[in-house]
Amino acid sequence: AAAVASAAALSLQSPFLGEESERSLPADMSEEERKRRRKLAHKFHHHNSDALSATKALVAYDKVRDHRKQETFCNEHRLHSRTMREMSDLRRQLLRILTTPPSSVAGAAADKDGFLPRHAVAAIAEATAAINRRGPRGDTSDKNPKDPASVALEPGSPGESALRRALLRGWADRVARRAKADEAARLNAAADKDEDGGDGGGGRTKATRYRPAMLDLAVFLHPTSTLHRTSPDYVVYVDLLQTAKRPYLAGATAVEASWLVDDAPALAYLSSALEDPAPRYVAAKDSVVAFHQPHFGKHRWELPLWPDALGADNPSACGAFAAALLSGAVSTPMGDLRDRLAAKPSVCARPEGRSQRRVVELVASLQRRGVATRAALA
């Protein structure tokens, strides 16, 4: 449901009006009322995403039924009323399509588990009920049906993280990284060289610079962005807005560096499995993982180490599993025997273990039987 609201919100321009809209307020308006209006103007700002700020505004807008109240709602929150109305209409249209998909689409999905997963169908029904002010079964007894989109937009929730990762997948080639000190200095020098006294490329400014993964220029968070307080290391943006002053990131959303390999694989480059750190058995996942050094984008940014599961056909996986098995990490009772072993269990996972006959025989036996997990051992 939140994804549908986000799709509708991102299909149009940002509905948020700038500070200049405050100048149109009546001159006789009290300072207290002006402060209240300023506070309302920031009510829907999402501290992790400018793109999701528009979604939050849309979900709140759809809770207002009366058209005259919707107009007042937009005026008080500095929202463009026509844009909000078009967003709302588009959201309703998308919900109708998902509720009753075209026969061609429904037929293609008939052989699968339906057009949408059951939990998604339920969320769509709840969102539709909330917008239409009807209960889940079509009755009108529930005056304030809960909109699941508002829950999914809460910062830090699983739904919010999923939405930010979805934006990353959709705009994988629009990732930017906050420039480090030495990188910022180079971008400053390039801007000074290119400009003729103006500040067209950024020039001498203390504003935080970002560098797009696929471009060679300095860009900046938009002045209205909610990300200025946190200045995240990595963002994905909807578009670049070139002004006479400098280029700005429009619709920026904070993303985690650890997401980039999985959600933007086309721009990620992985090294071969590293010997240091060595592969290790992870009990929580019941698998042996090796670590790769990923780099990202045109500038080959170094990302956090990326773990990848190893199969039992890999000697390193069986060696790491043997070390975990003998240490008691796989089966607790085995840990009682650890002090009676001639060598430390970790030798099974180290290169020097390959010269010890018993280690070689144990690892070869595990590999021959395809055992590198607790499940395979059982």
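My aim in this report is to walk through the structure given alongside it, one point at a time.

## Re the overall build of the protein chain
- Scanning the protein chain for helices and strands turns up 14 helices and 13 strands.
- Across the protein chain, the fraction of contacts at a sequence separation of at least 24, relative to all contacts at a separation of at least 6, is 62%.
- Counting every atom, the protein chain has about 21,400 Å² of accessible surface; 52% of that belongs to carbon and sulfur.

## Here we look at the side chain of Thr83
- Tracing the backbone shows Thr83 in helix H5 (residues 81-99).
- The exposure class assigned to Thr83 is buried, which follows from its relative accessible area of 12%.
- Not counting chain neighbours up to four residues away, the residues in contact with Thr83 comprise Leu12, Gln13 and Pro15.

## Digging into helix H9 (residues 158-170)
- The terminal C-alpha atoms of H9 lie 18 Å apart, and with 13 residues this matches the ideal 18 Å at 1.5 Å per residue to within 8%.
- When H9 is considered as a whole, its buried residues turn out to be Glu160, Leu163, Arg164, Leu167 and Leu168. On an axial view of H9, the arc spanned by its buried residues comes to 145 degrees, and they lie on one face. Turned more than 90 degrees away from the buried face of H9 sit Pro158, Arg169 and Gly170, all of them exposed.

## Focus on the sheet that holds strand S11 (residues 294-296)
- Strand order in the open sheet made by the three strands is S8-S11-S12, with antiparallel pairing throughout. With partners counted over all chains shown, the strands left at the sheet margins are strand S8 (268-270) and strand S12 (301-302), one partner each.
- Across three bridges, the pairing between S8 and S11 is antiparallel. Each residue of the ladder has a partner; that of Ala268, found in S11, is Phe296.

## Quick look at the sheet that holds strand S10 (residues 287-292)
- Spatial ordering of the open sheet is given by S9-S10-S13, a layout of three strands whose pairing is antiparallel. The sheet terminates laterally at strand S9 (280-282) and strand S13 (306-310), the two strands that pair on one side only. Ignoring strand direction, the axes of neighbouring strands in this sheet form an average angle of 50 degrees.
- For S10 and S13, the ladder comprises five bridges, and the chain directions are antiparallel. Across the sheet, the residue bridging to Val288 is Leu310, located in S13.
- The sheet strands contacting helix H12 (residues 315-327) are S9, S10 and S13, and the helix crosses S9 at an angle near 65 degrees.

## Examining the pattern of salt bridges
- A full pass over the atoms with the stated rule returns 13 salt bridges.
- A salt bridge links Arg92 to Asp62; the shortest N-O distance between them is 3.4 Å. Separated by 30 residues along the polypeptide, Arg92 in helix H5 and Asp62 in the loop between helix H3 (50-61) and helix H4 (67-76) bring together distant segments of the chain.
- When its relative accessible area of 3% is taken as the criterion, Asp62 is described as buried.
- A salt bridge links Glu86 to Arg82; its shortest N-O distance comes to 3.3 Å. Pair noted here: Glu86 and Arg82 are both in helix H5, with a separation of four residues, about one helical turn.
- Looking at Arg82, the relative accessible area reads 52%, which means it is exposed.

Definitions and limits used
- Residues numbered from 1 in each chain as written.
- Predicted model: local features only at pLDDT ≥ 70, side-chain atom pairs only at ≥ 80, totals over all residues.
- Heavy atoms only, no water.
- Helix = DSSP H or I, 4+ residues; strand = E, 2+ residues; numbered from the N terminus.
- Contact = heavy atoms within 4.5 Å.
- Areas by Shrake-Rupley, 256 points an atom, 1.4 Å probe, with all protein chains shown as cover.
- Buried < 20%, exposed > 50% of the residue type's maximum accessible area, 1.4 Å probe, protein only.
- Expected span 1.5 Å × (residues − 1).
- Arc of directions from axis to C-beta.
- Pairing = 2+ DSSP bridges.
- Axes fitted to C-alpha atoms, helices over the stretch in contact; angles between N-to-C directions.
- Salt bridge = Lys/Arg side-chain N within 4 Å of Asp/Glu carboxyl O.

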